[in-house]
Amino acid sequence: MNASFLDRCRALLGGAWVLDSEADMAPYLRDWRGRFTGRALAVLRPGSVEEVAGLVRLCAEARVPIVPQGGNTGLVLGSVPDGQGSAVVLSLARLNQIRVIDALNRTMTVDAGCILQQVQEAAAAQDCLFPLSLAAEGSCTIGGNLSTNAGGTAVLRYGNARELCLGLEVVTAQGEIWHGLRGLRKDNTGYDLRDLFIGAEGTLGIITGAVLKLYPKPKASITALVALPSPTQAQRLLALMQDRCGASLTGFELMSAYCLALVAKHFPSLPRPFSEPHEQYVLLELSSTESAQHAVGLLEDAVGAAVNEGIATDAAVASTVAQSQGLWQLREHIPLAQAADGKNIKHDISLPVSSIAAFIEHTEPLLQQAFPGCQLVCFGHLGDGNLHFNVAPPPGVANEAFLLHQEAVNRVVHDAVHAFCGSISAEHGIGALKRDELARYKSPVELGMMRAIKAALDPLGIMNPGKILG
Ligand code: FAD
């Protein structure tokens, strides 16, 4: 069966686009963090929507599971196959054309395999902004961004990938093409199929194209680093900034003292804006469609008020683009500094913004009680209620020995998230990594509806099986 299945794939795509040697398949089978390497029958690289549909029909006939893959930068083992070797990886990388830009409608229609940075640059060339921005933007794809409903650094102002998409083109699990590329901001014509496929991590169908929203390009973006005594004061700062700056506030990132100490340790050449260490820091970004002067004025007034009201203890406002980039580098180097320091147990959680400080105050002592001396690497998009709440080993404890406690650490953190009405996955998705956690915390009613949708759209169960749902 397999030989003839692959022959039929070759007949459809041309032999060069069906990879089945171990060496050729290797980069598609290993996850971005290098924690897991799966096995596959082949990697298929279609060059058109019709070829994607044809491949899905072949897979359906032969009951071959399909793992859709964009840039393979996902962090929850969603884009790589399991160890059985019976699935194919279907790479969207060759579907990489910007199809059309409608400047008046402020939309751009793109192939799903377009790299995020390519889309940002195409928007900028029209003096527009496509605001999705994340550290993997040089290699992740729009199809992957939508399939994981990616967040990033501008969610506070523009929303996550779901809110940036007006229409989709999808190849269904039966190999049909749904032409849903509508550039409409209002469309109340029944069930919202677009929103079903967004965030589905390739378990319901394959996104092949999307209509994306564009925004006016800000004239200026200004950044400041604010020092504070506690997460409670960070919450107060957020409220103050939102009251004073409204939609101009585009970024609000929390970083603990420990995070910046890690960055200073591993990247000593990066800026150190304060001579004294502080408990917490917030990186603020303000954008203005008027002028740099307007943004600077707003930011200086708001930060000044925060200091006067005793919310902030110190602040450094960037006065040049280079200084702004330097401050952002502090934030962006936290994951790299963590990796350089060793392994840790990661959590990508969200909470109501109003509960963030209480959650940290509640959960950190529980972790210390259970794992004395463990180090909390806590940072994230506080403006969206999203924390990366990572737990590193106590000094002197080997990484591998600590990682044996992963299940117990997850239980402390995720139980607390659940108790505070939060989510165990804010932006990375579920994939295979958090599938069992999802089953533990979602209600039977919610899981039942999700299973019903999966069974209705993918009755043969060939679309990325084992991801999200067991
Ligand atoms: P892949 O990794 O290839 O796939 C991800 C999932 O989507 C898989 O389940 C896959 O099967 C499915 N999929 C991919 N393409 C399609 C398609 N066309 N149709 C159907 N299903 C598809 N995420 C955030 O939200 N915010 C961040 O700030 C952030 N920062 C990151 C920083 C780094 C350095 C890295 C490595 C990752 C980061 N991520 C972040 C994770 C993020 O989810 C991915 O980078 C990105 O959204 C996935 O895009 P991708 O093209 O690489 O998808």
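See the structure printed just above.
Caption draft 1: Representation of the sheet that holds strand β8 (residues 165-172). One open sheet accounts for five strands, arranged β5-β6-β10-β8-β9; its pairing is antiparallel. Of all the strands in the sheet, just β5 (98-102) and β9 (177-180) have a single pairing partner and so form its edges. For this sheet, the mean angle separating the axes of adjacent strands, direction not counted, is 15 degrees. Bridge count for strand β6 (residues 107-111) against strand β10 (residues 205-213) is five bridges, and the pairing is antiparallel. Bridge assignment links Met 108 to a residue of β10, and that residue is Leu 212. Here helix α3 (residues 49-62) sits on the sheet and contacts β5, β8, β9 and β10; the angle it forms with β8, its principal contact strand, is near 45 degrees.

Caption draft 2: Broad picture of the pattern of salt bridges. Counting across every chain of the model gives 18 salt bridges. Across the salt bridge formed by Arg 194 and Asp 195, the nearest N and O atoms sit 3.5 Å from each other. We classify Arg 194 as buried; its relative accessible area is 18%. Asp 195 sits in the partly exposed class, given a relative accessible area of 27%. Among the salt bridges present, the one from Glu 253 reaches Arg 331, with a minimum N-O distance of 2.6 Å. With a gap of 78 residues between them, Glu 253 in strand β13 (residues 249-256) and Arg 331 in helix α11 (residues 321-341) connect regions that are remote in the sequence. Its relative accessible area of 1% is what places Glu 253 among the buried residues. By relative accessible area, Arg 331 is classed as buried at 8%. Through salt bridges that share partners, Arg 162, Asp 192, Arg 194 and Asp 195 make up one connected network.

Caption draft 3: The arrangement of unusual backbone geometry in detail. Even without a glycine there, the phi angle at Asn 72 is positive, about 55 degrees. Within the secondary structure, Asn 72 is located in the loop between β3 (66-69) and β4 (88-91). Given a relative accessible area of 10%, Asn 72 falls into the buried group. If you check the backbone angles, Leu 77 has positive phi at about 60 degrees while not being a glycine. Take Leu 77: it is sitting in the loop between β3 and β4.

Caption draft 4: Molecular detail of the state of the cysteines. Within this structure, the stated rule accounts for zero disulfides. Among the cysteines around Cys 128, which has no disulfide bond, Cys 114 carries the closest sulfur, lying 16 Å off. With a relative accessible area of 5%, Cys 128 lands in the buried category.

Caption draft 5: Expanded view of the packing of helix α8 (residues 231-245) against helix α10 (residues 292-308). Closest axis-to-axis distance for the α8/α10 pair is 10 Å, and the angle between their directions is 140 degrees. Like other packed secondary-structure pairs, α8 and α10 cross with a definite hand, here right-handed. Facing α8, whose interface residues are Leu 237, Leu 240, Met 241, Arg 244 and Cys 245, α10 presents Leu 298, Leu 299, Asp 301, Ala 302, Ala 305 and Ala 306. For the contact of α8 with α10, the per-class residue count stands at nine nonpolar, no polar and two charged.

Caption draft 6: Spotlight on the side chain of Asp 111. For Asp 111, the position within the fold is in strand β6. Here Asp 111 falls in the buried class, since its relative accessible area comes to 9%. Among the polar contacts made by the side chain of Asp 111, one reaches the main-chain amide nitrogen of Asn 96 at a distance of 3.3 Å. Not counting residues up to four positions away in its chain, the partners in contact with Asp 111 are Leu 95, Asn 96, Gln 97, Arg 99, Thr 208 and Gly 209.

Caption draft 7: A look at the site of the ligand. In the vicinity of the ligand, 34 residues are found, and the nearest of them are Pro 68, Thr 73, Gly 74, Thr 141 and Gly 151. Within the contact set of the ligand, an oxygen atom lies 3.1 Å away from a side-chain nitrogen or oxygen of Thr 148. Within the backbone of Gly 202, an N or O atom sits 3.5 Å from a nitrogen atom of the ligand. In the complex, the protein chains occlude 94% of the 970 Å² of accessible area that the ligand would expose alone. Those elements giving two or more residues to the shell around the ligand turn out to be β3, α5 (142-147) and β10. Among the elements that line the shell around the ligand, the one with the most residues is α5, at four residues.

Caption draft 8: Examining helix α12 (residues 356-370) more closely. For α12, built from 15 residues, the straight-helix expectation of 21 Å at 1.5 Å per residue is met to within 8% by its first-to-last C-alpha distance of 21 Å. By the burial criterion, the buried members of α12 are Ile 356, Ala 357, Phe 359, Ile 360, Thr 363 and Leu 367. The arc that holds every buried residue of α12, seen down its axis, measures 140 degrees, which confines them to one face. Of the exposed residues in α12, the ones pointing more than 90 degrees away from its buried face are Glu 361 and Gln 369. The elements touched by buried residues of α12 are α8, β16 (348-350), β17 (375-381), β18 (386-392) and α14 (406-419).

Calculation rules
Residues numbered from 1 in each chain as written. Predicted model: local features only at pLDDT ≥ 70, side-chain atom pairs only at ≥ 80, totals over all residues. Heavy atoms only, no water. Pairing = 2+ DSSP bridges. Helix = DSSP H or I, 4+ residues; strand = E, 2+ residues; numbered from the N terminus. Axes fitted to C-alpha atoms, helices over the stretch in contact; angles between N-to-C directions. Contact = heavy atoms within 4.5 Å. Salt bridge = Lys/Arg side-chain N within 4 Å of Asp/Glu carboxyl O. Buried < 20%, exposed > 50% of the residue type's maximum accessible area, 1.4 Å probe, protein only. Disulfide = S-S within 2.5 Å. Left-handed = near helix turned anticlockwise from the far one by under 90°. Nonpolar A, V, L, I, M, F, W, Y, C, P; charged D, E, K, R; others polar. Polar contact = N/O pair within 3.5 Å; in protein donor to acceptor, adjacent residues only side chain to side chain. Near = heavy atom within 4 Å. Areas by Shrake-Rupley, 256 points an atom, 1.4 Å probe, with all protein chains shown as cover. Expected span 1.5 Å × (residues − 1). Arc of directions from axis to C-beta.

Everything listed is a geometric property; what it means functionally is a separate question.
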